[in-house]
Amino acid sequence: MLRVLSVRSLLLCLALLLNTQLVSAMSSSADSSGYTQTRHPIMLVQGILAFDNIAGIDYWYKIGTKLQEGGAKVYVAHINAFNNSIDRGEQLIHEMETLKVLHPGIEKFNLIAHSQGGLTARYVMSVRPDLVASVTTVGSPHQGAPIADLLNGVFADDTLLGNLFEVVGNAAGSLIDLLSGDDVPAGDVRSLTTEFTSAGAAAFNQNFPAGLPQTTCGEGPQQVNIGGHNIRLYSWGGDANLTNILDPLDYLFATTGLLFGSAGNDGITGRCSNHFGKVLRDNYPLNHADLINQVLGLRGLTATDPLSIYRSHANRLKNAGL
C-alpha cells in the first residue's frame with residue numbers, strides 16, 4: 001500500500017513539474033511572440049519626480065522590462081524632475097532627435113506618459129508632430145490638479161514661505177536629476193505648480209488643445225492631424241485613493257483625494273481630468289502611483305495588474321500599425 005502511494009506521489013510530482021514547465025514554456029513563448037513589438041519604439045515619459053532609475057528602483061516599476069520581453073523597443077525620457085511641460089518637452093525633443101541620429105531606423109515614437117508627462121507629450125506632438133506616432137496619457141491632470149492650487153496658495157509667490165518652497169523644491173529637483181543621471185538644465189518648481197493650477201491648466205490647454213474633449217468629461221478624437229502627420233491618441237486613469245494599507249503613498253493620496261470632494265479621482269487627478277483622445281478607461285481601481293505599478297507593485301488585491309494594462313496597450317499599438 002505504501003509502495004502504491006509512493007508511486008502515485010511520484011507520478012503526481014512529475015505531473016506537477018511537467019505542468020509547471022509547460023506553463024513556463026507557454027509564458028516564454030508568449031513573451032517572445034512579439035505581442036508588444038510595435039513598429040515604432042515606445043518612449044515612457046514620466047511625471048514629476050521624473051527619474052528613470054534611482055538606487056535600483058525604476059519610476060516605471062517593471063513596466064519597461066515587461067514591454068521589452070514581448071518585443072517592444074523601450075526608452076525612458078531624461079527630463080527635469082520639477083519643471084513646466086514646455087521646458088521638459090524641449091528636453092524630450094532633443095533626446096528623441098539624438099536617438100534618431102544614433103539609430104537611423106527610428107522614424108517616430110509612441111509616447112506613453114504618466115501624470116505631468118501627458119502634458120509634456122502633448123507639447124511635443126504639437127510642435128514636433130514629425131517625431132510622434134501616438135500619444136497615450138496615463139492619469140494626466142489635463143484640467144489641472146487641486147493640490148497645485150493649494151500649494152500656490154499656501155506657498156504664495158514673493159513671500160517668505162514661497163521663496164523657501166522654491167529653494168527647497170529646486171534643490172530637491174536638482175538632486176533627483178543628478179541621481180537619475182539626467183543631463184538637463186536646472187528645473188523650476190514654481191513653474192510646475194503654476195502650470196497645474198486651474199488657471200495654468202486653462203492657459204496650457206488654450207495653447208495646445210489637440211486631443212482634448214470638447215465637452216466636460218467627454219472624449220477627445222482618437223486621431224489628429226498636425227502639420228500633415230497623423231497621430232493616434234489614447235488615455236486611461238484610475239479613481240481610487242487608498243488601495244493597499246502597506247503602501248506609504250496611499251496615505252498621501254487618501255489625503256489629497258479629499259480636495260476633490262465626492263468626485264472620482266486617483267489622489268492627484270480627477271476622473272474627468274484624465275480624459276484625452278480615445279478614453280480606454282477612466283476608473284481603474286488604482287491610485288496615481290498604482291498606475292505606474294508603484295510602490296514596488298503594491299495595489300489592491302482585486303485591482304487590475306498595471307503590467308497587463310501596458311502590455312495590452314502595446315499590442316493595441318502594434319495592431320494599429322504603430
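About the cut-offs
Here the residue numbers are simple positions, counted from 1 along each chain's written sequence. Under the rules for a predicted model, residues below a pLDDT of 70 receive no local features and side-chain atom pairs below 80 are neither given nor counted, while totals for whole chains, interfaces and linings still include all residues. Excluded from the side-chain calculation are hydrogens and water; included are all heavy atoms of the structure. The definition used for a disulfide is geometric: two cysteine sulfur atoms within 2.5 Å. Only DSSP runs of H or I with at least four residues qualify as helices, and only runs of E with at least two residues qualify as strands; both kinds are numbered from the N terminus onward. Counting of polar contacts relies on pairs of N or O atoms within 3.5 Å, with two restrictions inside protein: one atom must be capable of donating a hydrogen and the other of accepting it, and residues adjacent in sequence are counted only when both atoms are side-chain atoms. Put simply, a patch holds well-exposed residues, over 30% relative accessible area, that have no salt bridge, with like charges counted together within 9 Å and Val, Leu, Ile, Met, Phe, Trp or Tyr side chains within 5 Å. Surface accessibility in these figures is a Shrake-Rupley result with a 1.4 Å probe; residues are shielded only by whichever protein chains are displayed. A pair is scored as a salt bridge if a Lys or Arg side-chain nitrogen falls within 4 Å of a carboxyl oxygen belonging to Asp or Glu. Only Phe, Tyr and Trp rings are paired, with Trp represented by its six-membered ring, and only when their centres lie within 6.5 Å; those with planes under 30 degrees apart are stacked, over 60 edge-to-face, the remainder tilted. Only protein chains enter the accessibility calculation, which uses a 1.4 Å probe. A residue is then buried if its area is under 20% of the maximum for its type, exposed if over 50%, and partly exposed in between. Residues belong to one nonpolar core when they are buried, are Ala, Val, Leu, Ile, Met, Phe, Trp, Tyr or Cys, and are joined through side-chain atoms within 4.5 Å. A contact between two residues is defined here by any heavy atoms of the two lying within 4.5 Å. Axes here refer to lines fitted to C-alpha atoms; in helices the fit is confined to the stretch in contact. Angles between the N-to-C directions go from 0 to 180 degrees. For any helix crossing, the convention is left-handed if the near helix is rotated counterclockwise from the far helix by under a right angle, and right-handed if that rotation is clockwise. Residue polarity follows a fixed list, in which Ala, Val, Leu, Ile, Met, Phe, Trp, Tyr, Cys and Pro are nonpolar, Asp, Glu, Lys and Arg are charged, and the others, Gly among them, are polar.

Caption draft 1: Quick look at the state of the cysteines. Scanning all chains against the criterion turns up 1 disulfide. With a sulfur-sulfur separation of 2.0 Å, Cys217 is cross-linked through a disulfide to Cys272. Handedness of the Cys217-Cys272 disulfide follows from its S-S torsion of about -80°: it is left-handed. Of this pair, Cys217 sits in the loop between helix H8 (198-207) and strand E7 (223-226) while Cys272 sits in the loop between helix H9 (248-256) and strand E9 (278-284), and the two are 55 residues apart along the sequence.

Caption draft 2: Quick peek at the side chain of Asn84. Position of Asn84 relative to the elements: it lies in the loop between strand E4 (74-76) and helix H3 (85-102). A polar contact of 3.1 Å, which involves the side chain of Asn84, links it to the backbone nitrogen of Ile86. Within the structure, the side chain of Asn84 is placed 2.8 Å from the backbone nitrogen of Asp87, a separation counted as a polar contact.

Caption draft 3: Examining a nonpolar patch on the surface more closely. Where nonpolar side chains cluster on the molecular surface, the patch consists of Leu161, Leu164, Val167 and Val168 and spans about 380 Å² of accessible area. Within the fold, Leu164 resides in helix H6 (residues 160-180).

Caption draft 4: The packing of aromatic side chains, seen in detail. Scanning all chains against the criterion turns up 8 aromatic pairs. Ring centres of Tyr123 and Phe208 lie 5.4 Å apart, and the angle between their planes is 85°; this geometry places the pair in the edge-to-face category. Here Phe208 lies in the loop between H8 and E7 and Tyr123 lies in helix H4 (residues 117-127), a separation of 85 residues in the sequence. Residues Tyr123 and Phe208 agree in their burial class; the two are buried. One aromatic cluster is present, formed by Phe51, Tyr59, Trp60, Trp236 and Tyr310 through successive ring pairs.

Caption draft 5: Seen up close, the pattern of salt bridges. Enumeration according to the criterion identifies 9 salt bridges in this entry. A salt bridge links Arg128 to Glu97, with the nearest nitrogen and oxygen atoms 2.4 Å apart. One end of the pair, Arg128, is in the loop between H4 and strand E6 (132-138); the other, Glu97, is in helix H3, and 31 residues separate them in sequence. With relative accessibility at 22%, the residue Arg128 sits in the partly exposed group. According to the relative accessible area criterion, Glu97 is partly exposed, its value standing at 33%. In this structure, Arg299 and Asp305 form a salt bridge, with 3.9 Å as the shortest nitrogen-oxygen distance. Asp305 gets classed as partly exposed once you look at its relative accessible area, which sits at 28%. One network of salt bridges, with partners in common, ties together Glu97, Arg128 and Asp130.

Caption draft 6: Main features of the nonpolar core. Within the largest apolar cluster, 64 residues are counted, with the highest numbers of intra-cluster contacts made by Met43, Met96, Leu111, Met125, Val132, Val135 and Tyr310. If sequence neighbours within four positions are ignored, Val132 has contacts with Met96, Lys108, Phe109, Leu111, Val124, Met125, Asn230 and Ile231.

Caption draft 7: Broad picture of the packing of H3 against H4. Following both chains from N to C, one finds H3 and H4 inclined at 65°, their axes separated by 8 Å at the closest point. By crossing handedness, the relation of H3 to H4 is classed as right-handed. Across from Ser85, Ile86, Arg88, Gly89, Glu90, Leu92, Ile93 and Met96 in H3, the residues of H4 making contact are Gly117, Leu119, Thr120, Tyr123, Val124 and Val127. Along the lines of polarity and charge, the residues of the contact of H3 with H4 split into 8 nonpolar, 4 polar and 2 charged.

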